[in-house]
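What follows is the residue order along each chain.
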Amino acid sequence: MKYLNIFAFILLFSLCLSCGNNPVPKPDAYLRLDYPEAEYQETNLNVPFTFEKNKLAENVVLKPVRGTEGYGINLEYPSLKGTIYLTYKPIENSVEHLKTLLRDAQSFTQEHTLKADEIIEQIYENKKHKVYGMFYEVGGNAASQSQFYVTDSVNHFLTGSLYFYAKPNYDSILPAAYYLQKDIQHIMETVQWKHQ
């Protein structure tokens, strides 16, 4: 009887220990963010140039730049929590003014080197429409992931930059940054000056 009680105790104790949850490793998971395929349409704003914008940019805000003949255009993407900012300034056939605008655009991009992992420069040239410039892809936790400037070197100068409403965390915003990077590059590549 004594052995039976010991055997029953060991059996009960073993059953209690064997019913625990074994940890099972979970498979790697990735965010699935599906963005609509970009549909572009030409803008018809009262500015000296045209470009194509994505229909996903719901709000387009046009503002005069104080103290100049320039314009600011905000293309807002509320669903992606980002905005593409465009700034147009006339050159007025001044080589010095062009040099100043180029220096400002380039130094604006270089300000991101503190937080950026890399800055990739891509020269852009469209001789047919007289549009020349540079596209910058900024990697890392910088405030702006994409920037550009274009000019005809005589009358027109346009800059563009992409910003998100959230604190920059490159891993979190990467899918939206790639999506909007294509949009900002498309804007740059479709710029046409109205008055040559």
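Definitions and limits used
- Residues numbered from 1 in each chain as written.
- Predicted model: local features only at pLDDT ≥ 70, side-chain atom pairs only at ≥ 80, totals over all residues.
- Heavy atoms only, no water.
- Patch = residues over 30% accessible without salt bridge, like charges linked within 9 Å, V, L, I, M, F, W, Y side chains within 5 Å.
- Areas by Shrake-Rupley, 256 points an atom, 1.4 Å probe, with all protein chains shown as cover.
- Salt bridge = Lys/Arg side-chain N within 4 Å of Asp/Glu carboxyl O.
- Helix = DSSP H or I, 4+ residues; strand = E, 2+ residues; numbered from the N terminus.
- Buried < 20%, exposed > 50% of the residue type's maximum accessible area, 1.4 Å probe, protein only.
- Core = buried A, V, L, I, M, F, W, Y, C linked by side-chain atoms within 4.5 Å.
- Contact = heavy atoms within 4.5 Å.
- Pairing = 2+ DSSP bridges.

1. Quick look at a nonpolar patch on the surface
- Together, Leu4, Phe7 and Leu11 make up a nonpolar patch on the protein surface, roughly 330 Å² of accessible area in all.
- Structurally, the position occupied by Leu11 is in helix H1 (residues 2–18).
- Taking relative accessible area as the criterion, Leu11 reaches 44% and is therefore assigned partly exposed.

2. What about the nonpolar core?
- Core analysis: the biggest nonpolar cluster contains 30 residues, and Leu75, Leu86, Phe148, Val150 and Leu158 have the highest contact counts within it.
- Put simply, the parts of the chain that give this core at least two residues each are strand S5 (71–77), strand S6 (82–90), strand S8 (131–140), strand S9 (144–151), strand S10 (156–164) and helix H3 (170–189).
- In terms of residue count, the dominant contributor to this core is H3 (eight residues).
- Discounting chain neighbours no more than four positions away, the residues touching Phe148 are Leu86, Met134, Phe135, Leu158, Thr159, Gly160, Ile184, Ile187 and Met188.
- Residues Leu98, Ala105, Tyr136 and Phe157 belong to the second largest nonpolar core, which totals eight residues.

3. Thoughts on the pairing of S6
- Bridging between S5 and S6 involves seven bridges; their strand directions are antiparallel. For Tyr77, the partnering residue across the bridge sits in S6 and is Gly82.
- Taken together, S5 and the strand that follows it, S6, pair antiparallel across an intervening segment of four residues, in which Lys81 is found at a positive phi of about 55°.
- Judged from the nine bridges that link them, S6 and S10 form a sheet pairing that is antiparallel. For Gly82, the partnering residue across the bridge sits in S10 and is Phe164.

These figures capture arrangement, not role.
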